[in-house]
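Structural features, examined
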Amino acid sequence: MGKALLVYRLTVRDLRHHAAQAVLLVIAIAAATATLTMALSMNGVTSQPYSATRAATDGPDVVAYLTSTGQAKTLVHASGVASSSGPYPVAAATIRFDGRTAGVFAQGRGQEPTAVDRPDVTAGSWVRPGGVVLERTFAEALGARVGDVVTLNGQRFTVAGIAVTAAQPPYPNLCYFTASSCPPWLTVPGGDWRNVGLIWMTEAGALGLTSKADPLAAYVLNLKLSNPADADAFAQQRFVSPPQPSGPSGFQPPYLGPMYSTWDGIASADALLVQDAQSVLEPGALLLTLLAIASVTVLVGRRLSEYARRVGLLKAVGGTPGTVAAMFLAENLVLALLAAAVGLVAGSLAAPLLTDPGAALVGAAGAPSLTAVTAVEVIGVALAVALLATVVPAIRAAHTSTVAAINDVARPPRRRGALIRISAGLPVPVLFGLRLVGRRPRRALLSAANIAVTVTGIVAVLSFHATVNSRLATAGSLTAGGLSDPVVVRDEQMLTVITIMLVVLAALNAIFTTWATVIDARRASALMRALGARAPQVSLGLVVAQELAALPGAIVGIPLGILLFHAAVKDGSLPPVPWIAGAVLGALFAIAALTVIPAWVGARQPAAEVLQAEAA
């Protein structure tokens, strides 16, 4: 029989007789590849909705924010400007509806449509005296519909309509400037200009919201260029940097120059909803990949122990180390390819569910782009997972001596007099658990890695929630008025999916690792019971072994989770200590709970029957 045929038959036989292990391996790798597929296939999916919105509303190429109407004349007649609309007065106001409070920029507009920036009314009608139009994302966050009555600086207005625009980024990122940061003179009540809503009303209505103490916030001028690609250059050429602080007091003169935003910058802000989901999926895919590596390593390690006698027999009849290594690699590479295919299909089917561009844009998102490059990257990750987890055990098996492989002797713990004297006084379950860890240190290390990756993901999620809560509690935060943030909501949905996948994979790993430990320890368990230990003590010892391996992994996962989160969010907040303690204790409790049943089943097998089978 040729070597290739031998490896093929052994692989088919192993897959047929160990279907449950193969399914677990496919699930572990497919979860990581599906998440990676979703992240990679979401590139550029918002370009089509923004283009549709821009066409439907005749969106401007450059939006200028002015402190006076006199600044508009120079810009309107500037070289490269084809058409314009405005300047329109913008008043800063506080809106209240149904117990919710937020800051808004109220833009005064005429009742007739304009040539540039013509918001698309998706419900109701355009502005009228006593009636306002809400930007659609802001309307959803506020919970207001057409016909509802809102108050602006204490004045009552009816919601006449809801509209979308390509001239302003959606709530909660209204103030978005390409040329520089938001100007100091563009403020809203509470001082937080980053999370404000946009509304339209008549010019008279907008002016009626102002007073001597609270004048107009700005004027908005919409510009259409002959060549839209020149928008950034147009804004940069006309932007003047604010003066630097001068004098011993650090006084900074007021900056009264125009500020600019461009259509491509607004498009980037509109894409934030999908981009944030993508930024959550990418580290999630990394964590799931690490868990997949741990899963495959546990499976290979268990198979190495189970097939040790086969390895010895193969080598005894002339099998080379290459044949032995190929036997392990072939099966896992085949399963990795299958898992990659499953992940590509699942990720492609799930990606459209995550590419909703949000209420700020009209039209549907483009189909997620599953390109050949994406497929190659996903398949490469799957094969890399299988190789990283299989190469070392396969090489170790290939270089194991024939006699040791046939005898299948586990690594004996080092016996030191001091340690023996200390352990002599330990309870039986703790002593047995320590002995199991000492006999299978690599498996204990994999268990620690499994729980470390899981706790890393959970701590990163807790850090995200702590950061959100911190920002919501900040004075002046508009979402503190009861409004939801669509970006945060989308991030939380993605994190929930990733967390569930992490927990499920970690649970499967824990169950299989425990079962592998139970099988490997059947002789040791039988000897412990033959020497007088009770079955509950042996079962508890197996639980102790898993907890001893999980504890350092859970502790290491805390700083790793914080580092992972801060690598993605530079100004994030640390989760409260009770949250972290709850995550660690919950993980340890879950490991114990998942270990109890396999340990109880393994400890119930008659000791005499096990010892006789081992002797045979």
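1. A look at the overall build of the protein chain
Along the protein chain, the regular secondary structure elements total 21 helices and ten strands. Taken over 616 residues, the protein chain has a buried fraction of 49%.

2. Let's talk about the pairing of strand β5 (residues 131-135)
Most of β5 sits inside the fold, with five of its five residues counted as buried. Where β5 meets strand β7 (residues 155-164), five bridges bridge the pair, whose relative direction is parallel. Across the sheet, valine 132 pairs through a bridge with valine 159, a residue of β7. The pairing of β5 with strand β8 (residues 197-202) spans two bridges and is classified as antiparallel. If you follow valine 133 over to β8, its bridge partner there is tryptophan 200.

3. Quick look at the pattern of salt bridges
Counted by the stated rule, this structure contains four salt bridges. A salt bridge links aspartate 61 to arginine 54, with the shortest nitrogen-to-oxygen separation between them at 2.3 Å. Taken individually, aspartate 61 and arginine 54 each receive the classification buried, so the pair is uniform in this respect. Between arginine 100 and aspartate 98 there is a salt bridge whose closest N-O contact spans 3.4 Å. Using a relative accessible area of 61% as the deciding quantity, one classes aspartate 98 as exposed.

4. Quick word on unusual backbone geometry
Going from glycine 86 to proline 87, the amide bond is cis rather than trans, its omega being 5 degrees. With respect to the element layout, proline 87 can be found in strand β2 (residues 81-97). Phi is positive for aspartate 98, close to 50 degrees, though the residue is something other than glycine. If you trace the backbone, aspartate 98 turns up in the loop between β2 and β3 (100-109). Residues other than glycine seldom take positive phi values, yet aspartate 117 does so here, at roughly 60 degrees. Relative to the helices and strands, aspartate 117 is located in the loop between β3 and β4 (120-124). Accessibility expressed as a relative area gives 2% for aspartate 117, which makes it buried.

5. Topic: the side chain of arginine 54
Structurally, arginine 54 is set in helix α3 (residues 47-57). A polar contact is formed between the side chain of arginine 54 and the side chain of aspartate 61, at a distance of 2.3 Å. Beyond its immediate stretch of four places on either side in the chain, arginine 54 contacts Gly59, Pro60, Asp61, Ala166, Lys224, Pro228 and Trp263.

Cut-offs and rules
- Residues numbered from 1 in each chain as written.
- Predicted model: local features only at pLDDT ≥ 70, side-chain atom pairs only at ≥ 80, totals over all residues.
- Heavy atoms only, no water.
- Helix = DSSP H or I, 4+ residues; strand = E, 2+ residues; numbered from the N terminus.
- Buried < 20%, exposed > 50% of the residue type's maximum accessible area, 1.4 Å probe, protein only.
- Pairing = 2+ DSSP bridges.
- Salt bridge = Lys/Arg side-chain N within 4 Å of Asp/Glu carboxyl O.
- Polar contact = N/O pair within 3.5 Å; in protein donor to acceptor, adjacent residues only side chain to side chain.
- Contact = heavy atoms within 4.5 Å.

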